[in-house]
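Below are the chains, spelled out letter by letter.
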Amino acid sequence: MRAFWTLLHRWFGLGAAVFLFIAGATGAVISWDHELDDLLNPHLTHVTSSGPALPSLELARRVEERDPRVRATFIPLSVEPGESLSLFVRPRVDPATGRLFEPGYNQVFLDPATGEELGRREWGAAWPITTETFVSFLYKLHYSLHIPEIAGIDDWGLWFMGLVAAGWTIDCFVGAYLTLPAKRRRGEGEGPRGWWARWAPAWRIRTDGSAYRINFDIHRAFGLWTWALLFILAFTAFTLAYYREVFMPAMQLVSSVTPSPFDTRTPTPLHEPMEPVIDFPGIIGRAQAEAARRGWAEPVGSVFFSPNYGLYGVNFHHPGDDHGAAGVGPARLYFDSTDGRYLGDRQPWVGTMADLFVQAQFPLHSGRILGVPGRILVSLMGVVVAALSVTGVIIWARKRRARLSREARRGAEVAHHPVPAE
């Protein structure tokens, strides 16, 4: 049985090594995506002008006027002092082709005081890689490998990395099992102390051995010492990739989960977005009234429209706190884009135990559940994942060379000492 699990661990590791190395290396960087983006692109994210900010909805209207091919779909309603206003846009349908326009950008940066456009970029663009797209390139590479849209579906990369994460989750247990001492032969009993004495070397890295021995110890010991964190990263990577297709349906089978409108609605095809009947001001007014009725103290911080789901989301937070609540995000109200009716809410860390478990998936994966220390830990774990991928391939390559060398020697011995004919 051990031979089977060894084979499974080896071939999964080889098959997934490149993808896990990419996920680990990029994950170590994108834990600091906002900070790095600000550092690399101050010409987009910072402003020096002063004065009262213009209404965000008016600035969004001007963006749409300048380029009728796009629609503003995410609008912050206020920003921190010295920060630009960053709008996300989605393409409208080209009447000539029946498909979405390709404007070449999906994010616009504006000076909130003057309305001046500071720049545009395609968040997540695969090429060209510039200082403006570098961080988002890594972010999208992390979860989708930039696999393009096929047959009107743009989730192939996400699903593929989700399959890798599913295999990784299983392999966490396989790898841990393979570090355990082999069973004693029948009659060779030992107590817990003796068993631990045989397992203890697996947790150590000997620095006085050969380069191969050190590499092997690193692979095994890193996997053991960080096992719980590796499992959390692997499992949450799978649940986030297959959130709608697998995770939520499974959770609803075993527990009481409050679905969001995104879970209960079927999206339209990518190139068939819905046209809203109610506009942003109308939805914001409804949201403010509902929040007042509930006694929420936070102001409306941002609003978004999802064309393929036909719904609005209104987020309540102070400027700069859109990543609050330990990574869960702000309180949110949902409304239908056709008739404006209330569809539901999402409140951070509120709900059944199953709701809290569902909410915790991204904060756990990103480390934001522990704040800055958690993000540092996730960055270090990204390095560990990359190191495990590299050391695993080195172990396989060394063993393969040794096996081929043994086979060559046996072949040479047979050639020099042929078996005599009877």
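Read on for a plain summary of the structure. From a predicted model like this one, the values you see are computed outputs, not experimental measurements. (Residues numbered from 1 in each chain as written. Predicted model: local features only at pLDDT ≥ 70, side-chain atom pairs only at ≥ 80, totals over all residues. Heavy atoms only, no water.)

### So, unusual backbone geometry
Cis rather than trans, the peptide bond between Trp-127 and Pro-128 has omega equal to -5 degrees. With respect to the helices, strands and loops of the structure, Pro-128 is situated in the loop between strand S6 (117-121) and helix H5 (134-144). Although it is not a glycine, Leu-145 adopts a positive phi angle of roughly 60 degrees. Position of Leu-145 relative to the elements: it lies in the loop between H5 and helix H6 (156-179). Despite not being glycine, His-146 has its phi angle at roughly 60 degrees, a positive value. Counting through the fold element by element, His-146 comes out in the loop between H5 and H6. (Helix = DSSP H or I, 4+ residues; strand = E, 2+ residues; numbered from the N terminus.)

### Re the pattern of salt bridges
Side chains that carry opposite charge are capable of pairing whenever their charged atoms lie near each other. This model, assessed by the stated rule, comprises 20 salt bridges. The closest approach of N and O atoms between Glu-58 and Arg-61, which form a salt bridge, is 2.5 Å. In this pair, Glu-58 and Arg-61 both sit in helix H4 (residues 56-66), three residues apart, roughly one turn of the helix. Judged by its relative accessible area of 25%, Glu-58 is partly exposed. (Salt bridge = Lys/Arg side-chain N within 4 Å of Asp/Glu carboxyl O. Buried < 20%, exposed > 50% of the residue type's maximum accessible area, 1.4 Å probe, protein only.)

### Describing helix H10 (residues 243-254)
Over its twelve residues, H10 extends 15 Å from the first C-alpha to the last, a length consistent with the 16 Å expected when each residue adds 1.5 Å. Every buried residue belonging to H10 is among Phe-247, Met-248 and Met-251, and all of these are buried. Around the axis of H10, the buried residues are gathered within 85 degrees of arc, so they sit on the same side. Against the buried residues of H10 lie helix H9 (227-241), helix H11 (261-264), helix H13 (353-359) and helix H14 (361-366). (Expected span 1.5 Å × (residues − 1). Arc of directions from axis to C-beta. Contact = heavy atoms within 4.5 Å.)

### A few points about the environment of His-365
Checked against the element boundaries, His-365 lands in helix H14. With relative accessibility at 17%, the residue His-365 sits in the buried group. Sequence separation between His-365 and Leu-229 is 136 residues, and the spatial gap between their C-alpha atoms is 9.4 Å. Ignoring sequence-local partners within four residues, the contact set of His-365 consists of His-142, Leu-233, Thr-236, Ala-237, Leu-240 and Val-378.

### Overview of the nonpolar core
If you look at the biggest cluster of nonpolar residues, it comprises 28 residues, and the most contacted ones within it are Ile-75, Leu-87, Leu-110, Val-314 and Phe-316. For this core, the elements supplying multiple residues, two or more each, are H4, strand S1 (70-76), strand S2 (85-91), strand S5 (107-110), helix H12 (280-294), strand S7 (300-306), strand S8 (311-316) and strand S9 (331-336). It is H12 that provides the largest number of residues to this core, a total of five residues. Once you skip the residues sitting within four places of it in the chain, Leu-110 turns out to touch Leu-59, Val-63, Arg-66, Ser-84, Leu-85, Leu-87, Gly-115, Glu-116, Glu-117 and Leu-118. Core analysis: the next-biggest nonpolar cluster, separate from the first, contains 13 residues, Trp-168, Cys-172, Ala-234 and Met-381 among them. (Core = buried A, V, L, I, M, F, W, Y, C linked by side-chain atoms within 4.5 Å.)

### Structural notes on a negative patch on the surface
A grouping of Glu-80, Glu-298, Asp-321 and Asp-322 is seen on the molecular surface, where their side chains present a negatively charged patch. Relative to the helices and strands, Asp-321 resides in the loop between S8 and S9. Exposure remark for Asp-321: the relative accessible area of 40% places this residue in the partly exposed category. (Patch = residues over 30% accessible without salt bridge, like charges linked within 9 Å, V, L, I, M, F, W, Y side chains within 5 Å. Areas by Shrake-Rupley, 256 points an atom, 1.4 Å probe, with all protein chains shown as cover. Lys, Arg positive; Asp, Glu negative; His and termini not counted. Charge placed at Lys NZ, Arg CZ, Asp CG, Glu CD.)

### Examining helix H8 (residues 211-225)
The α-helix winds at 3.6 residues per turn, so residues separated by three or four positions along the chain end up facing the same way. With 15 residues, H8 extends 21 Å between its outermost C-alpha atoms, agreeing within 8% with the 21 Å of an ideal straight helix rising 1.5 Å per residue. Of the positions making up H8, those classed as buried are Asn-215, Asp-217, His-219, Arg-220, Ala-221, Gly-223 and Leu-224.

### Some words on the sheet that holds strand S10 (residues 342-346)
One open sheet accounts for eight strands, arranged S6-S5-S2-S1-S7-S8-S9-S10; its pairing is antiparallel. The two strands at the open ends of the sheet, each matched to only one other strand, are S6 and S10. Direction aside, the axes of adjacent strands within the sheet are offset by 25 degrees on average. Note that S7 and S8 share six bridges and pair antiparallel. Residue pairing for S8: Ser-306 is matched across the bridge by Leu-311. Across the sheet, H4 lies against S1, S2, S5 and S6, angled at about 160 degrees from S1, the strand it touches most. Its contacts with the sheet place H12 against S1, S7, S8, S9 and S10, and it is angled at close to 130 degrees to S9. (Pairing = 2+ DSSP bridges. Axes fitted to C-alpha atoms, helices over the stretch in contact; angles between N-to-C directions.)

### Some remarks on the pairing of S10
Taken together, the four bridges between S9 and S10 define a ladder with antiparallel strand orientation. What sits directly across from Phe-335, in S10, is Tyr-342.

### Some details on a nonpolar patch on the surface
Nonpolar side chains collect at one region of the surface, where Leu-40, Trp-127, Ile-129 and Phe-134 lie side by side and expose about 420 Å² of accessible area between them. Checked against the element boundaries, Leu-40 lands in helix H2 (residues 33-40).

### Some words on the packing of helix H1 (residues 2-30) against H6
Close contact between H1 and H6 brings their axes to 9 Å; oriented N to C, the two are set at 135 degrees. Classified by the angle their axes make, H1 and H6 are oblique. Relative to H6, H1 is oriented so that their crossing is left-handed. Judged by residue contacts, Arg-2, Trp-5, Thr-6, Leu-8, His-9, Phe-12, Ala-16, Phe-19, Leu-20 and Ala-23 of H1 engage Phe-160, Met-161, Val-164, Gly-167, Trp-168, Asp-171, Val-174, Gly-175, Tyr-177, Leu-178 and Thr-179 from H6. By residue class, the composition of the contact of H1 with H6 is 14 nonpolar, five polar and two charged. (Parallel < 35°, antiparallel > 145°, perpendicular 65-115°, else oblique. Left-handed = near helix turned anticlockwise from the far one by under 90°. Nonpolar A, V, L, I, M, F, W, Y, C, P; charged D, E, K, R; others polar.)

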